[in-house]
Amino acid sequence: MAENESRVALVTGGSRGIGRASVLTLARDGFDVSFCYQSNEEAALSLEKEAQEFGVRVISRKVDVRDAELVRAFVAETEETLAPIDVAVTAAGITRDNPLLLMKDEEWHQVLDVNLDGVYNVCRSVVFSMMKRKSGAIINISSVAGVYGNPTQSNYSASKAGIIGFSRALAKEVGGYGIRANVVAPGFIDTDMTSVLSGGAKEKALAAVPLRRLGRADEVAELVSYLASDKAGYITGSVFQIDGGITL
Ligand code: NAP
């Protein structure tokens with residue numbers, strides 16, 4: 001790629017947590033960034049400004065990843081406003097925990113719709129343009145729950161395991177077009193998603209982490225940044241756990 005050619009990254013769930021840290025890290029790396037969020041416009045606008053300080057173009061849009069039409073329009077707008085998308089990071093995700101016996105159908109479907117359909121909608125929308133250019137990197141954010149399962153998170157674990165199967169299939173399908181698809185599977189990361197855990201639940205989780213602390217969103221973003229870069233040019237279809245050793 002020519003030195004002055006712009007590179008574009010699209011990030012879902014960019015307004016907070018791991019997505020937010022990914023937006024900042026990719027902007028630092030020189031990517032123009034387009035990110036979406038669900039409702040927190042204030043957080044998104046403040047992040048736009050912060051990321052623009054790296055001297056790149058940054059836009060944000062309120063786009064519910066469950067809505068395929070909206071996602072398609074977001075991808076098209078990004079490519080028209082910035083340039084074709086080189087990197088897609090799918091960080092939008094939610095939890096609705098409950099033991100299976102108490103799980104409401106709505107909780108099951110909400111989680112699958114955002115976490116798994118959302119990833120499908122984004123990848124489905126970005127892949128053709130990447131295929132035409134014979135280049136691209138897709139980084140889907142799963143979870144260690146998708147590898148090992150978590151009690152009270154059958155919905156979340158299923159969605160995150162689905163992301164792994166989906167990404168491996170995609171890696172095989174589009175590798176010949178120079179597109180890499182990888183998965184990042186975090187453990188406990190200090191974001192709004194984990195801040196709702198009770199003190200007792202947090203303590204119990206921490207006791208199981210050999211590194212004895214929660215991970216930071218910026219640590220996950222550094223892995224995303226690596227996978228987005230040419231340094232990871234021979235890596236595809238892999239699942240990278242970043243979990244302080246909790247799964248050992
Ligand atoms: P977070 O702090 O709760 O942020 C979630 C982000 O997703 C927000 O930007 C939110 O937008 C966005 N979002 C939620 N639903 C959306 C939808 N329907 N459409 C578009 N955007 C939507 O979460 P996080 O902890 O950073 O998690 C990021 C990803 O990492 C998730 O996929 C999560 O499952 C995964 N993960 C997290 C952990 C952890 O310990 N934190 C561990 C393993 C995996 P608004 O700001 O507008 O609400």
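Everything here concerns the structure above.
Below: a short report on this structure. (Residues numbered from 1 in each chain as written. Predicted model: local features only at pLDDT ≥ 70, side-chain atom pairs only at ≥ 80, totals over all residues. Heavy atoms only, no water.)

**Things to note about the overall build of the protein chain**
Stage number 1. A tally of helices and strands in the protein chain yields nine helices and seven strands.
Stage number 2. Against the 2.2 N^0.38 benchmark of 18 Å for 248 residues, the protein chain shows a C-alpha radius of gyration of 17 Å, consistent with a compact globule.
Stage number 3. For the C-alpha atoms alone, the extent of the protein chain along its principal axes is close to 50 × 35 × 35 Å.
Stage number 4. The buried share of the protein chain, reckoned over its 248 residues, is 48%.
Stage number 5. Taking all contacts inside the protein chain whose residues are at least 6 apart in sequence as the whole, residues at least 24 apart take part in 72%.
Stage number 6. Of the roughly 12100 Å² of accessible surface on the protein chain, a fraction of 53% belongs to carbon and sulfur atoms.
Stage number 7. A distance of 4 Å separates the average location of the 26 positive side-chain charges in the protein chain from that of its 31 negative side-chain charges. (Helix = DSSP H or I, 4+ residues; strand = E, 2+ residues; numbered from the N terminus. Rg over C-alpha atoms; globule rule 2.2 N^0.38 Å. Buried < 20%, exposed > 50% of the residue type's maximum accessible area, 1.4 Å probe, protein only. Contact = heavy atoms within 4.5 Å. Areas by Shrake-Rupley, 256 points an atom, 1.4 Å probe, with all protein chains shown as cover. Lys, Arg positive; Asp, Glu negative; His and termini not counted. Charge placed at Lys NZ, Arg CZ, Asp CG, Glu CD.)

**Remarks on the sheet that holds strand β3 (residues 58–62)**
Stage number 1. Strand order in the open sheet formed by seven strands is β3-β2-β1-β4-β5-β6-β7, and the pairing between neighbours is parallel. Each having just a single partner strand, β3 and β7 (239–242) make up the two edges of the open sheet. Shown here is a sheet whose adjacent strand axes are inclined to one another by a mean of 15°, direction ignored.
Stage number 2. In this structure, strand β1 (residues 7–12) lies alongside strand β4 (residues 87–90), joined through four bridges in parallel fashion. Residue pairing across strands places T12 opposite T90, the latter belonging to β4.
Stage number 3. Across the sheet, helix α6 (residues 154–174) lies against β5 (136–141), β6 (179–186) and β7, angled at about 160° from β6, the strand it touches most.
Stage number 4. Against the sheet, helix α9 (residues 217–228) engages β2 (31–37), β4, β5, β6 and β7, with an angle of about 165° to β6. (Pairing = 2+ DSSP bridges. Axes fitted to C-alpha atoms, helices over the stretch in contact; angles between N-to-C directions.)

**A few points about the state of the cysteines**
Stage number 1. Summed over all chains, the structure comprises zero disulfides.
Stage number 2. Sulfur of C36: no disulfide; nearest cysteine sulfur belongs to C123 and is 12 Å away. (Disulfide = S-S within 2.5 Å.)

**Some details on the nonpolar core**
Stage number 1. One finds L26, V33, F35, V87, V89, I139 and V184 to be the most contacted residues of the largest nonpolar core, which totals 34 residues.
Stage number 2. Mapped by element, the contributors of at least two residues to this core are β1, α1 (17–28), β2, α2 (41–52), β4, β5 and α9.
Stage number 3. For V184, the residues in contact, after removing those within four places along its chain, are I139, N140, I141, S142, S143, V220, L223, V224, L227, F240 and I242.
Stage number 4. Counting residues in hydrophobic clusters, the runner-up holds 32 residues, among them V8, V71, A88 and V111. (Core = buried A, V, L, I, M, F, W, Y, C linked by side-chain atoms within 4.5 Å.)

**Observations regarding the packing of aromatic side chains**
Stage number 1. Per the stated rule, a full pass over the model turns up zero aromatic pairs.
Stage number 2. Positioned above the aromatic ring of F31, the side-chain terminus of R7 is 4.1 Å from the ring centre. (Phe/Tyr/Trp six-rings, centres within 6.5 Å; stacked < 30°, edge-to-face > 60°. Lys NZ or Arg CZ within 6 Å of the ring centre and 35° of its normal.)

**What to know about the packing of helix α3 (residues 68–81) against helix α4 (residues 105–133)**
Stage number 1. In the contact formed by α3 and α4, the axes pass within 8 Å of each other and the chain directions differ by 35°. Crossing angle aside, the handedness with which α3 passes α4 is right-handed. Residues A68, V71, R72, V75 and E79 of α3 form the contact with α4, whose own contacting residues are N121, V122, S125, V126, S129 and R133.
Stage number 2. Tallied by class, the residues present in the contact of α3 with α4 amount to five nonpolar, three polar and three charged. (Left-handed = near helix turned anticlockwise from the far one by under 90°. Nonpolar A, V, L, I, M, F, W, Y, C, P; charged D, E, K, R; others polar.)

**Comments concerning the pattern of salt bridges**
Stage number 1. Enumeration over the complete set of coordinates arrives at 13 salt bridges.
Stage number 2. Among the ionic pairs, D29 bridges to R28, the shortest N-O distance being 2.9 Å.
Stage number 3. You can call D29 partly exposed: its relative accessible area is 26%.
Stage number 4. A relative accessible area of 41% means that R28 is categorised as partly exposed.
Stage number 5. In this structure, K104 engages E107 in a salt bridge whose closest nitrogen and oxygen atoms are separated by 3.8 Å.
Stage number 6. A relative accessible area of 14% means that E107 is categorised as buried.
Stage number 7. Beyond isolated ion pairs, a larger network of salt bridges with shared partners links R213, R216, D218 and E219. (Salt bridge = Lys/Arg side-chain N within 4 Å of Asp/Glu carboxyl O.)

**So, the site of the ligand**
Stage number 1. Around the ligand sit 31 residues in total, of which S15, I18, S39, Y156 and T191 are the nearest.
Stage number 2. In this structure, an oxygen atom belonging to the ligand sits 2.7 Å away from a main-chain N or O atom of I18.
Stage number 3. At a separation of 3.0 Å, a nitrogen atom of the ligand approaches a polar backbone atom of V65.
Stage number 4. Here the ligand, which alone exposes 910 Å², has 96% of that area covered by the protein.
Stage number 5. Of all the secondary-structure elements, those providing two or more residues to the shell around the ligand are α1, α6 and α7 (192–195). (Near = heavy atom within 4 Å. Polar contact = N/O pair within 3.5 Å; in protein donor to acceptor, adjacent residues only side chain to side chain.)

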